[in-house]
Each structure stands twice: as C-alpha cells, then as structure tokens.
Amino acid sequence: MREFAVKKMTDEDKPRSEAIRSALPDRGWLRRIPKIDLHVHLDGSLRPRLIWDILERNGGNPFSSLLELEKRLRVSDEVADLAGYLRIFDFVLAYLQQPDDIERAAFELAEDSSAEKIRYLEVRFSPILHLQAAPVAEIVAGALRGLKKAEETFPIRAALILSCIREKNPESSLEVVRSALHFREEGVVGIDLAGNETEFPGYPHRAAFDRAAEQGLNITIHAGEARGAASIREALEILHARRVGHGLSLTDDPALLERFVKESIPLEVCLTTNVHTKSVKSFSEHPLKFFLAGGLKVTLNTDDRLMSGITLTDEFFRAQSYLGLGKNDIGLMLRNAAEAAFLPEDEKRLFQADFLEELDPYLPIPEGTDGDRR
Ligand SMILES: [Zn+2]
C-alpha cells in the first residue's frame, strides 16, 4: 500500500530549502554585504550635481533643472551600440577638466561606493582626456587626492587605474604608462585600454603595454565587448592583460575560454552596461551565468553608474533577478574580486583577510561542509 502522508522535512532536505531561499532576489541582503568594484569609470560615474555646478560656475547653464541635465547624461533607447554610448561621455569630458573637479568626482564616487558597503574600489579614468586646464601629472594627482581623502573619511580602500584610449595616438598611451609609473607608490595600481573597440584594435598601442609589462604594472584591457574573441586574444597575447574587461565574445571561442579557466584569468563583467551598449540583447541572455558555471573567475562591476543609472547593489540584484544567481554565486564573485584586486601582494592579503571575515557570515552554509564555510 502506498503512503500518502505529508512528508516531514528531514535534515537531507535542508540544504535544498537553503538553496531555494538563497536563490531569491534579496535587495536588503545585497545592501548589507560588503562589496568590491574593480571596473568603474570616473567620468562615467560622477554625480550630475558636479556637472551642474561646473555649468553654473562657467555661466550659461543651458539646463532648467538638475533632472533635465541628468536625463542628458543617462543612456537612452536611441543608443545603438558602444560607440553611441561613449558619445555621452563627450558631454561630461567637455566640462570635467579642472584638477579640483576631478578630485571632487573621485571623492564623491568613493563616498557613493562606501555608502553601499563597497570596501575596495578600483576607479579608472584616462588623464589624456582631461588636458584642457592642466598637464597629466596634475590631473592624476587630483584624482588621487580625492580617493585619499575618501579613504580617510569612509571605511573604503580606493585605488586608481589609468586608461589608454584605443582611438588616441599611441604616443599618448606611452604618456599614460609613464604617469602610472610615476604615481605607482601613491595609489595607481595599473593601466587599462578603453574606448571604441569596434573600430580601433589594440595592437598600435603595444609599445606602451610592453613597457608597462616590463615594469611590472598591472594590466587590464576592455576586450570582447564590441568585437569578437580575436580582440580578447590580442589583449592577452599582445597587450599582456592580466584581467579582461567584459570578455563577452569568449562564448565564441571554447579554446580561449578553457585558457581563462586554466590560468584563472579574472573577468570584469558589467551586466547592465552590456545591455545598454547593446553588446547583449537582454539581461536574461547575458553569458554571466554560463561563465560562472564554466568555472571562470568572474567578478561583477558597475562600469558607469551615471550613464547607466546604477549601483553595484542594482547590478547584483539584476544578476539575481534575471539570471537566478544565488547568494553563494554572489559570494564567489566577491571572493574572486578580492583575489583579482591589483593591490600590491602584501596589502592584498591583508585586505582579503579582513574582507572575507566580514563577508563570510552573510553567506549561506554550503552543502556538506558541517557549517564550516571556508
Ligand atoms: Zn569599462
């Protein structure tokens, strides 16, 4: 005779219910956990109020309200691709030129990040796009002052990455590298290559990246966002990338994907901006979950808080809502980020220990570990 009694929950069922609970989107939990953002652009993440104040100072502010200005700075449905998205930056760059304004932008970005419990922040920007009022050294010093002041005011560690720009002269990339080397003791932890990937390959800038690699500078490259996997290969094989920003086209190249897994090359995924630049069709079609399942060292980052109107909490919330990522997936991405930080090795180990100590109590206990999360 078959039994129809309602089955009581046994210990065996508990991990499953824990797994279900931990997979539900939970904004409150996301707000509470300590976080790391490794990929965020200064000129893409400032407060609209800063541009407003600059416009007022210059005289002739064409906007009738802060809201109207904010709308001008946000991505719209008309943006068709990465190049279109990057055109919004031209507006910001026309005004963000004074070292003191750059200092304020950096301070406020770190303040906003700290407010959502980001404990470590790697801010990137390209000093060569801010040369209307001051030379490279003063521009970089301004950004570093802002981050330093934020570190003294809020519980956050903030470092700087200097970006070379694909569409600029290769000589300007050498200048970025020289500046990164000059300021490496004061908070510059690496260099990057950003800009219009569709039309501008990275190899013309290889002399700058050769020099950076020779000098032991950390290198990350935006690649595989708007072009195929060959662009990612170029980042690794010609430009000495240690981390890759986006890497979406890894889905087209299983051998390259395998290399990322084998060599534990961190990927800086930016879910929301990938949708806004039309690099992926929708949130639910983003390969983030596929990358995680494949064993890639994935991190999740904001990219452009201003243009995309997001926080890191939003970014994780979308990963939970659209892709069904659980709390342990998010914990894993944050652990990956702590490991992938460009801090000097000894500082990184100290930071990592503190960060994991703060993070671990928030994570569900994985199955079969008898409560020991480590
Ligand atoms: Zn980026």
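This structure is a prediction, so every number in the text was calculated from the model and none was measured. (Residues numbered from 1 in each chain as written. Predicted model: local features only at pLDDT ≥ 70, side-chain atom pairs only at ≥ 80, totals over all residues.)

Student: Can you help me understand the overall build of the protein chain in this one?
Tutor: What the protein chain contains, in helices and strands, is 17 helices and eight strands. Relative to the 2.2 N^0.38 estimate, which gives 21 Å for 374 residues, the radius of gyration of the protein chain is 21 Å and therefore close to what a compact globule would have. By its C-alpha atoms, the protein chain is 85 × 50 × 40 Å across when sized along the principal axes. Considering the protein chain as a whole, with its 374 residues, one finds that 46% of them fall into the buried category. Taking the contacts inside the protein chain whose residues are at least 6 apart along the sequence as the reference set, 75% of them involve residues at least 24 apart. (Helix = DSSP H or I, 4+ residues; strand = E, 2+ residues; numbered from the N terminus. Rg over C-alpha atoms; globule rule 2.2 N^0.38 Å. Buried ≥ 20, exposed ≤ 12 C-beta atoms within 10 Å, placed from the backbone. Contact = placed C-beta atoms within 7 Å.)

Student: Would you mind going over the sheet that holds strand β4 (residues 188-194) with me for this structure?
Tutor: By way of backbone hydrogen bonds, the strands of a sheet pair with one another, either parallel or antiparallel. Taken in spatial order, the eight strands of this open sheet run β1-β2-β3-β4-β5-β6-β7-β8, and their pairing is parallel. Only two strands of the sheet have a single neighbouring strand rather than two, namely β1 (35-41) and β8 (298-300). Across this sheet, the average inter-strand angle for adjacent strands is 25 degrees, counted without regard to direction. Where β1 lies against strand β2 (residues 118-125), five bridges are found, and the strand directions are parallel. Looking at the pairing, I36 lines up with Y120 of β2. Packing of helix α15 (residues 312-323) onto the sheet brings it into contact with β1, β2 and β8, and relative to β8 it is tilted by some 125 degrees. (Pairing = 2+ DSSP bridges. Axes fitted to C-alpha atoms, helices over the stretch in contact; angles between N-to-C directions.)

Student: Whenever I open this one, unusual backbone geometry confuses me. Can you help?
Tutor: Trans is the prevailing form of peptide bonds, just as negative phi is the prevailing case for residues other than glycine. Its identity is not glycine, yet H246 carries a phi of approximately 80 degrees, on the positive side. Secondary-structure assignment places H246 in strand β6 (residues 243-246). Residue classification places H246 among the buried residues on the basis of 28 C-beta atoms within 10 Å. One non-glycine residue with positive phi stands out, namely K278, at about 65 degrees.

Student: How should the environment of A105 be read in this particular structure?
Tutor: With respect to the helices and strands, the residue A105 is situated in helix α6 (residues 99-115). With 25 C-beta atoms counted inside 10 Å, the residue A105 sits in the buried group. Sequence separation of A105 and G44 is 61 residues, and the distance between their C-alpha atoms is 10 Å. Excluding its chain neighbours within four sequence positions, the residues that come into contact with A105 are L42, L46, L50, L96 and G146.

Student: Quick question: what am I supposed to make of the pairing of strand β5 (residues 218-223) here?
Tutor: For a regular strand, side chains alternate in direction, first toward one face of the sheet and then toward the other. In terms of residue burial, β5 counts as a mostly covered element, since six of its six residues are buried. Here β4 pairs with β5 via four bridges, running parallel. Paired with G190 across the strands is N218, a residue of β5. As for the winding sense of the linkage, the β-α-β connection from β4 through helix α9 (residues 206-214) to β5 is right-handed. Two elements, β5 and β6, share four bridges in a ladder whose sense is parallel. Pairing of I221 across the sheet is with V244, part of β6. In this region the chain leaves β5, passes through helix α10 (residues 229-237) and returns to the parallel neighbour β6; the handedness of that crossover is right-handed. (Right-handed = clockwise from strand over helix to strand, strands pointing away.)

Student: Explain the packing of helix α8 (residues 170-182) against α9 to me, please; I cannot follow it from the model alone.
Tutor: The angle between the axes and the distance between the axes are what describe a pair of packed helices. At a minimum axis separation of 8 Å, α8 and α9 run at an interaxial angle of 20 degrees. Considered as vectors, α8 and α9 are oriented roughly parallel to each other. The handedness of the crossing between α8 and α9 is right-handed. Along its contact with α8, which presents P170, S173, L174, V176 and V177, the element α9 presents A207, A208, R211 and A212. Here the contact of α8 with α9 is built from residues that sort into seven nonpolar, one polar and one charged. (Parallel < 35°, antiparallel > 145°, perpendicular 65-115°, else oblique. Left-handed = near helix turned anticlockwise from the far one by under 90°. Nonpolar A, V, L, I, M, F, W, Y, C, P; charged D, E, K, R; others polar.)

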